[in-house]
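Now for the letters of each chain:
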Amino acid sequence: MTRAKDPIDPRGLIREAYRIDGISAPECRSIFFDWALGIPVDSNTDEMVRALLARYAGEPADHPMTETLKAALDKANAPRRRGGRAARARD
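This structure is a prediction, so every number in the text was calculated from the model and none was measured. (Residues numbered from 1 in each chain as written. Predicted model: local features only at pLDDT ≥ 70, side-chain atom pairs only at ≥ 80, totals over all residues. Heavy atoms only, no water.)

## Let's talk about the overall build of the protein
Put simply, the rule reads: Helix numbers and strand numbers start at the N terminus; a helix is a DSSP run of H or I with at least 4 residues, a strand a run of E with at least 2. For each residue, the accessible area found with a 1.4 Å probe, counting protein chains only, is set against the maximum for its type, and the residue is called buried under 20%, exposed over 50%, and partly exposed in between. Any two residues having at least one pair of non-hydrogen atoms within 4.5 Å are treated as being in contact.
Tallying secondary structure elements over the protein gives five helices and zero strands in all. Each helix (α) and strand (β) of the protein, taken in turn from the N terminus, gives the series α-α-α-α-α. When burial is assessed residue by residue, the protein has 29% of its 91 residues classed as buried. Long-range contacts, defined as pairs at least 24 residues apart, comprise 62% of the intrachain contacts of the protein with a sequence gap of at least 6.

This is the structure we're talking about:
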């Protein structure tokens, strides 16, 4: 009997991360990166991460994978241009 492919965790990486006793935050980030590379390009990653957080809501809030998933939803500030010719002209 083959197991049906999970649409939000197709290779079971996140599931396995929650099963590893004593897993560290850097290991979870590495697993998350591998998970992200394995999902279809046209996927809504934020939606998938929210679904994973809902699925594992019963896990401790301080589990490193939970923290990694929550961090994935934080949007980085858009880079701002600094310096350049205009800035030098004012000096």
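## Some points on the side chain of Thr66
Inspection of the secondary structure assignment puts Thr66 in helix H4 (residues 64-73). Relative accessible area serves as the criterion here: at 7%, Thr66 is assigned to the buried category. Leaving out residues up to four positions away in the same chain, Thr66 has contacts with Tyr18, Leu53, Glu59, Pro60 and Ala61.

## Focus: the environment of Asp34
With respect to the helices and strands, Asp34 occurs in helix H2 (residues 25-38). It is 8.0 Å that separates the C-alpha atoms of Asp34 and Leu13, two residues lying 21 residues apart in sequence. Among residues more than four places away in sequence, those in contact with Asp34 are Arg11 and Leu13.

## Remarks on the pattern of salt bridges
Quick reminder of the rule: The term salt bridge refers to a pairing of a side-chain nitrogen on Lys or Arg with a carboxyl oxygen on Asp or Glu at a separation within 4 Å.
This structure, assessed with the given rule, holds four salt bridges. Shared partners join several salt bridges into a network, and the residues in it are Arg15, Glu16 and Arg19.

## Focus: the packing of aromatic side chains
Selection criterion: A pair of Phe, Tyr and Trp rings is counted when the ring centres sit within 6.5 Å of each other, with Trp represented by its six-membered ring. The angle between the planes then sorts it: under 30 degrees is stacked, over 60 is edge-to-face, the rest tilted.
Applying the stated criterion to the full structure yields two aromatic pairs. Taken together, a centroid distance of 4.3 Å and an interplanar angle of 15° make the contact between Tyr18 and Tyr56 stacked. Of this pair, Tyr18 sits in helix H1 (residues 13-19) while Tyr56 sits in the loop between helix H3 (45-55) and H4, and the two are 38 residues apart along the sequence. Residues Tyr18 and Tyr56 agree in their burial class; the two are buried.

## Observations concerning the nonpolar core
Stated formally: By nonpolar core we mean a set of buried residues, namely Ala, Val, Leu, Ile, Met, Phe, Trp, Tyr and Cys, connected to one another through side-chain atoms within 4.5 Å.
Residues Ile14, Tyr18, Trp35, Val49, Leu52, Met65 and Leu69 are the most contacted members of the largest nonpolar core, which totals 17 residues. Contributions of two or more residues to this core are made by H1, H2, H3 and H4. In this structure, Tyr18 is in contact with Tyr56, Glu59, His63, Met65, Thr66 and Leu69, ignoring residues within four places of it in sequence.

## With respect to the side chain of Asp9
For the record, the criterion: By the counting scheme adopted, Arg and Lys are positive, Glu and Asp are negative, and His together with the chain ends is not counted.
If you trace the backbone, Asp9 turns up in the segment before H1. Of the buried charged residues, Asp9 lacks a salt bridge, with Arg55 as the closest side chain of opposite charge at 5.0 Å. Asp9 has contacts with Ile14, Arg15, Trp35, Leu52, Arg55 and Tyr56, leaving out every residue within four places of it along the chain.

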